[in-house]
Amino acid sequence: MPTCEGGYIVNEFYNRHYIAADDQGRITSGWSDGPHPDRDATDAICINEQGGYQFRLFPGGEENPPLYTMDGVPLYRWDGESAVPRTAEEIEADRVPSLEAVQVEKLAQLSAACSAAITAGCDVELPDGSTGHISLTAEDQINLTNARAAVEAGARAYPYHLDGALCALYPAEDILAMGEQAAAHKLYHTTYYNHLAAWVRRCGTAEEAEAVTYGAALPEDLAKNMAAILAAAGGGSAEPS
């Protein structure tokens, strides 16, 4: 409590001010044990043992100052002895996404593109030479699987439809042809995505990973491996129409 010395009131109670910094020294938080008496300070740095109730990063500085830019980049760093403002170059460097972050985002983009390519379906050529297009949404794939199962079990025909056409009773050989071409289409895109993902994961820079796009030609070794897999599976080495 305050005491009087020589007619002056002296405040004997102080608050400790703490900061937390990451492994690069960037200051990530700051607080006073006045408003936060129960906050764990085990790994924190005490920057002022005789501070006021509210946190100040610098003596006489702003109470509870902002520690981040508007887009979430730390403004200050701990140099081992004191808090110092980070340079514009240091702040800008933090805005450049890391390789790991770009890889995660790129894999998500490529996966979505693969799913879209599969569900968009494929052109099919039937044994009589006629052509059409079939979509391959999850429901379409189930329907086609059921149709194939029926004809493989002995059905001579099965109702199905090409995109934009009325449902018709297709001979068993037509259903099997649609099923084979749909399977080749799906195999191509899932295998292609797998090789794109391997390409992204081995990129050495964020710029390299960002440049990988769905539809891009694979590096020679990956293209050769993909062609071998498709050929072994009977799906050929090129994208089905």
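Refer to the structure presented above.
First, a word on scope: everything that follows refers to the structure included in this document.

Rules of the game
Residues numbered from 1 in each chain as written. Predicted model: local features only at pLDDT ≥ 70, side-chain atom pairs only at ≥ 80, totals over all residues. Heavy atoms only, no water. Helix = DSSP H or I, 4+ residues; strand = E, 2+ residues; numbered from the N terminus. Rg over C-alpha atoms; globule rule 2.2 N^0.38 Å. Buried < 20%, exposed > 50% of the residue type's maximum accessible area, 1.4 Å probe, protein only. Contact = heavy atoms within 4.5 Å. Areas by Shrake-Rupley, 256 points an atom, 1.4 Å probe, with all protein chains shown as cover. Lys, Arg positive; Asp, Glu negative; His and termini not counted. Charge placed at Lys NZ, Arg CZ, Asp CG, Glu CD. Core = buried A, V, L, I, M, F, W, Y, C linked by side-chain atoms within 4.5 Å. Phe/Tyr/Trp six-rings, centres within 6.5 Å; stacked < 30°, edge-to-face > 60°. Axes fitted to C-alpha atoms, helices over the stretch in contact; angles between N-to-C directions. Parallel < 35°, antiparallel > 145°, perpendicular 65-115°, else oblique. Nonpolar A, V, L, I, M, F, W, Y, C, P; charged D, E, K, R; others polar. Left-handed = near helix turned anticlockwise from the far one by under 90°.

Once that is clear, we can look at the overall build of the chain. Helices and strands together make up the secondary structure of the chain, namely six helices and 11 strands. Taken over C-alpha atoms, the radius of gyration comes to 32 Å for the chain, far larger than the 18 Å a tight globule of 241 residues would show. Seen through its principal axes, the chain has C-alpha atoms that stretch 110 × 35 × 30 Å. Put simply, the chain has 241 residues, and 31% of those count as buried. Taking contacts inside the chain between residues at least 6 apart in sequence as the whole, the part at least 24 apart equals 49%. Approximately 14400 Å² of the chain is accessible, and the part contributed by carbon and sulfur atoms is 53%. Charged side chains in the chain number 14 positive and 36 negative. The centres of these two groups are separated by 3 Å.

One finds Tyr192, Leu196, Trp199, Val200, Val212, Leu218 and Met226 to be the most contacted residues of the largest nonpolar core, which totals 17 residues. Among the elements of the structure, helix H2 (99-119), helix H4 (172-201), helix H5 (206-211) and helix H6 (220-232) are those that each provide at least two residues to this core. Ranked by the residues each element gives to this core, the list is headed by H4, at six residues. Leaving out residues up to four positions away in the same chain, methionine 226 has contacts with Tyr188, Thr191, Tyr192, His195 and Leu218. Counting residues in hydrophobic clusters, the runner-up holds 15 residues, among them Val124, Leu144, Val151 and Tyr160.

Of note in this structure, asparagine 64 is not a glycine but carries a positive phi near 45°. With respect to the element layout, asparagine 64 can be found in the loop between strand S5 (45-51) and strand S6 (76-78).

Under the definition given, this model contains four aromatic pairs. On the basis of an interplanar angle of 25° and a centroid distance of 5.7 Å, the ring pair of tyrosine 18 and tryptophan 31 is categorised as stacked. On the criterion of sequence distance, the pair formed by tyrosine 18 in strand S3 (residues 15-21) and tryptophan 31 in strand S4 (residues 27-32) is long-range, its members being 13 residues apart. Note on tyrosine 18: relative accessible area 14%, which makes it buried. For tryptophan 31, a relative accessible area of 3% puts it in the buried group. Note on tyrosine 188 and tyrosine 192: the rings are 5.9 Å apart at their centroids and 15° apart in plane angle, and the pair reads as stacked. Here tyrosine 188 pairs with tyrosine 192, and both are found in helix H4, just four residues apart, close to one helical turn.

With that out of the way, let us pick up the packing of H2 against H4. One way to put it is that H2 packs onto H4 with a least axis distance of 10 Å and a crossing angle of 170°. Classified by the angle between their axes, H2 and H4 sit roughly antiparallel to one another. The residues of H4 that touch H2, namely those facing Gln103, Lys106, Leu107, Leu110, Ser111, Cys114, Ala117 and Ile118, are His185, Lys186, His189, Thr190, Tyr193, Leu196, Ala197, Val200 and Arg201. Taken together, the residues of the contact of H2 with H4 sort by class into nine nonpolar, five polar and three charged.

Before going further, it helps to spend a moment on the packing of H4 against H6. Between H4 and H6, whose axes approach to 10 Å, the crossing angle comes to 155°. The pairing of H4 with H6 is recorded here as roughly antiparallel in orientation. With respect to the hand of their crossing, H4 and H6 are arranged in right-handed fashion. Contacts from Leu187, Tyr188, Thr191, Tyr192, His195, Ala198 and Trp199 of H4 reach H6 at Leu222, Asn225, Met226, Ile229 and Leu230.

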